[in-house]
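# Understanding the architecture of this molecule
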Amino acid sequence: MSGQTYGVTPPISVANPTPKENEFNDTLITELKTRGSFESEAATRKRVEVLSILQKLTEEFVYTVSLKRNMSEGMARDAGGKIFTFGSYRLGVYGPGSDIDTLVLVPRHVTRNDFFEVFTELLRKQPEVDEIAPVPDAFVPVIELVFSGIAIDLLCAKLDIPRIPKDLTLDDKNLLRNIDEKDLRALNGTRVTDEILQLVPKPTVFKHALRCIKMWAQNRAVYANIFGFPGGVAWAMLVARICQLYPNAVSAVIVEKFFNIYSQWSWPQPVLLKQIEDGPLQIRVWNPRLYPHDRQHKMPVITPAYPSMCATHNISSSTQKVILDEFNRGVTIMQGIVGGSKSWSDLLQRHDFFHKYKFYLCIVAGTQSTHEQHLQFSGLVESKLRLLVQKLEAVEGIELAHPYVKSFDNGYFAESDTQLQNIVNTYGTLEGEDVTKDVKTTEDEAKEELAKDHLELHLTKLYIGLKIDLQKGDKKLDIQYPCSEFFGICKSWQHFDSKIHHIQIKNVKLYDLPNDVYVEGEVRPSKPTKRKRAGSKNEIQKRPKSVGPVSASS
């Protein structure tokens, strides 16, 4: 190891791996390969080719706009333009089907408007572009596209400099001067990813350990920034910190230490990869001593690139409990793996979210319109779900409000208003499956025809598992208030239209969950059969008619 130390404290151990640890590590890599974590060399070469085409298109885009701004031919050519990648691709932990997060960097005379107009047009002309969806109004504006079968998220940022040379790097903080918030956010992705890679002692060890933790977090349903769990960048930083503490360890040992250390971490002590730096901007840097808002972060994981921010500000007290439970489970299973009584597949086993609670809330967002219009509404509802979780946590008797990290979507063609309302009212429950079993779906081959004389309806459902602890006296749980608050938030969306948008929250008991929340091979929980008492009523219990919405649908 070189003389460099990594991180804000000295390492815990600089020991080199033992032969046994090397063998242990081989079993991890084998498991990752078996589970399809890595893609073929040919697929990776294809990604590189696509990125080089995008680099050429970026230069053509900047050139075209520069000419429109009356620049000379030579100056327009010189204006440059460059693409950078970030996220899982840049970190080297991508697999088959991963998208590529890409940043298009442009000089000061090219605007975001140009990006959405000129660049979009340029892309539409490319035969390799299968799909393209510009989203200019997003928190981070983006063009989503599929290029030669590879999904790409294109962000744009302009710097306050006249040209973007091919050899430009983003490590100079002064490049951030005189740019707006959206440009700063777009640049941040690449700057953070690059710094993480510079702050780990052995990049390959880091990448393999992160592949394992990422797969574990996805399988255990604790990977989703929008729903209050760490996202990709946060999990990467958490793994990177362990690599700093054990600079010579193999990946499997990093994974073992990961669970040991974070299960005992004194939260809200922050996880830092380096000391927080000051810089040239009039912008807030994460500082709990200065800002009360930053003091509320429960499990702060801080980005290393200036301006440092908390990547985990969405974590609530419920999601924190769920994450800590998973860390503890990890500790136990890792002991078993080291001892030989358990295997990596035990660690990576699928979660049991749809088995473990007696009561669930199902949040339904519906739109009587096109799928594209529904995506806007469902996206809004998904982004607000964590606020409902926080409001539920404050209700007496609710010990835990655990959001599930994926939404479920369906589209139907209803024959009448009555049928449509019935579909909405039962969606998300077992009964809803009976209601829709003969209804035509929007996947139907004849959907263009059906759309003419049917009502098109798109639905998204989200689940929250509730752990309830009611004191003897009050056997009723009242969640009217958090629900109506949540409805208020969703309805105050500027595009909300009560004629086409539906928002509902239903109580759904474990045994009334629909079948589509279970994956193939997963056996749904069944009611324990009650022993028949003499004189008891019929064997067959009638299913509850309908678990009505907690509040009227809107």
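Residues numbered from 1 in each chain as written. Predicted model: local features only at pLDDT ≥ 70, side-chain atom pairs only at ≥ 80, totals over all residues. Heavy atoms only, no water.

### Re the overall build of the protein
Secondary structure assignment for the protein yields 18 helices and 11 strands. Taking the principal axes of the C-alpha coordinates as reference, the protein spans close to 90 × 65 × 50 Å. Of all 554 residues assigned to the protein, the portion counted as buried reaches 50%. Of the contacts formed within the protein by residues at least 6 apart in sequence, a portion of 73% connects residues at least 24 apart. Here the protein displays about 27400 Å² of accessible surface, and carbon together with sulfur accounts for 50% of that area. On the protein, the mean spot of the 69 positive side-chain charges and the mean spot of the 68 negative ones are 6 Å from each other. (Helix = DSSP H or I, 4+ residues; strand = E, 2+ residues; numbered from the N terminus. Buried < 20%, exposed > 50% of the residue type's maximum accessible area, 1.4 Å probe, protein only. Contact = heavy atoms within 4.5 Å. Areas by Shrake-Rupley, 256 points an atom, 1.4 Å probe, with all protein chains shown as cover. Lys, Arg positive; Asp, Glu negative; His and termini not counted. Charge placed at Lys NZ, Arg CZ, Asp CG, Glu CD.)

### Let's talk about the pattern of salt bridges
Per the counting criterion, the structure on display carries 20 salt bridges. The residue Glu277 makes a salt bridge to Lys274 at a minimum N-O spacing of 2.9 Å. Residue Glu277 is classed as partly exposed on the basis of its relative accessible area of 30%. If you follow the salt bridges from partner to partner, you end up with Lys173, Glu195, Lys274 and Glu277 in one network. (Salt bridge = Lys/Arg side-chain N within 4 Å of Asp/Glu carboxyl O.)

### Overview of the domain arrangement of the protein
What the domain assignment reports for the protein is domain 1 (19–35 + 200–348), domain 2 (41–194) and domain 3 (357–509). On the domain 2 side, the residues contacting the 19 residues of domain 1 number 14 residues. For the pairing of domain 1 and domain 2, the buried interface totals around 1400 Å² over both sides, and the portion due to carbon and sulfur atoms is 65%. Where domain 1 packs against domain 2, one counts 1 salt bridge. The residue Lys173 makes a salt bridge to Glu277 at a minimum N-O spacing of 2.9 Å. (Domains from an automatic or database assignment. Buried area = accessible area lost by both parts, 1.4 Å probe.)

### Topic: the pairing of strand β5 (residues 150–158)
Examined bridge by bridge, strand β2 (residues 100–106) and β5 share 7 bridges and lie parallel to one another. Looking across to β5, one finds that Leu103 is bridged to Leu155. Strand direction decides the pairing type here: strand β4 (residues 142–147) and β5, joined by 5 bridges, are antiparallel. By the bridge assignment, Val146 is partnered in β5 with Ala151. Between the end of β4 and the start of β5, which pair antiparallel, lie 2 residues, with Ser148 showing a positive phi angle near 50 degrees. (Pairing = 2+ DSSP bridges.)

### Description of the UniProt feature "binding site: ATP" (unreviewed entry) in the protein
Under the local residue numbering, the UniProt record ascribes the feature "binding site: ATP" (unreviewed entry) to Phe86, Gly87, Ser88, Asp99, Ile100, Asp101, Asp153, Lys214, Tyr223, Gly232 and Val233. Relative to the helices and strands, Phe86 resides in strand β1 (residues 82–86). Excluding residues that lie within four positions of it along the chain, Phe86 makes contacts with Asp101, Thr102, Leu103, Leu155, Gly189, Thr190 and Thr193. Counting through the fold element by element, Ser88 comes out in helix α4 (residues 87–91). Leaving out residues up to four positions away in the same chain, Ser88 has contacts with Val93, Tyr94, Ser98, Asp99, Asp101 and Lys214. (UniProt positions renumbered as here; feature names shortened; annotations may be inferred.)

### Quick word on the packing of aromatic side chains
A full pass over the atoms with the stated rule returns 33 aromatic pairs. With centroids separated by 5.6 Å and ring planes inclined at 65 degrees, the aromatic side chains of Phe353 and Tyr360 adopt a geometry described as edge-to-face. Taking relative accessible area as the criterion, Phe353 reaches 2% and is therefore assigned buried. Here the basic side chain of Lys173 rests over the ring of Tyr306, its NZ or CZ set 5.5 Å away from the ring centre. One residue, Lys461, lies across the ring of Tyr427, its end atom 4.8 Å from the ring centre. (Phe/Tyr/Trp six-rings, centres within 6.5 Å; stacked < 30°, edge-to-face > 60°. Lys NZ or Arg CZ within 6 Å of the ring centre and 35° of its normal.)

### With respect to helix α14 (residues 371–393)
In an α-helix, one full turn covers 3.6 residues, which means residues spaced three or four apart are oriented alike. Between its first and last C-alpha, α14 extends 33 Å over 23 residues, near the 33 Å set by a 1.5 Å rise per residue. The sharpest bend along α14 reaches about 35 degrees and sits at Lys384. Listing the buried residues of α14 in full gives His374, Phe377, Ser378, Leu380, Val381, Glu382, Leu385, Leu388, Val389 and Leu392. Looking at the buried positions of α14, the neighbouring elements they touch are α11 (317–339), β6 (359–367), β7 (398–403), β10 (455–468), α18 (480–491) and β11 (501–509). (Expected span 1.5 Å × (residues − 1). Bend = angle between axes of the 7 residues up to and from the residue.)

### What about the nonpolar core?
Where a protein is soluble and globular, its nonpolar side chains tend to be buried together. Residues Phe206, Trp216, Phe258 and Ile363 are the most contacted members of the largest nonpolar core, which totals 113 residues. If you tally residues by element for this core, the top one is helix α8 (residues 232–245), at 10 residues. (Core = buried A, V, L, I, M, F, W, Y, C linked by side-chain atoms within 4.5 Å.)

### Examining unusual backbone geometry
Of note, the bond from Trp267 into Pro268 is cis; its omega dihedral lies within 30 degrees of zero at 5 degrees. Take Pro268: it is sitting in the loop between α9 (251–264) and α10 (292–295). A cis amide bond, omega -5 degrees, links Tyr306 with the succeeding residue Pro307. Positioned with a positive phi, Asn70 is a non-glycine residue whose angle comes to about 65 degrees. Even without being glycine, Ser148 reaches a positive phi, approximately 50 degrees. Along the chain, Ser148 falls in the loop between β4 and β5.

### Thoughts on the sheet that holds β2
The 5 strands are arranged β1-β2-β5-β4-β3 in an open sheet whose pairing can be described as mixed. Since the sheet does not close on itself, it has two edges, and those belong to β1 and β3 (129–135), each with one partner. Within this sheet the neighbouring strands show an average axis-to-axis angle of 25 degrees, counted without direction. Here β3 runs beside β4; their pairing, made up of 6 bridges, is antiparallel. Pairing of Ile132 across the sheet is with Leu145, part of β4. (Axes fitted to C-alpha atoms, helices over the stretch in contact; angles between N-to-C directions.)

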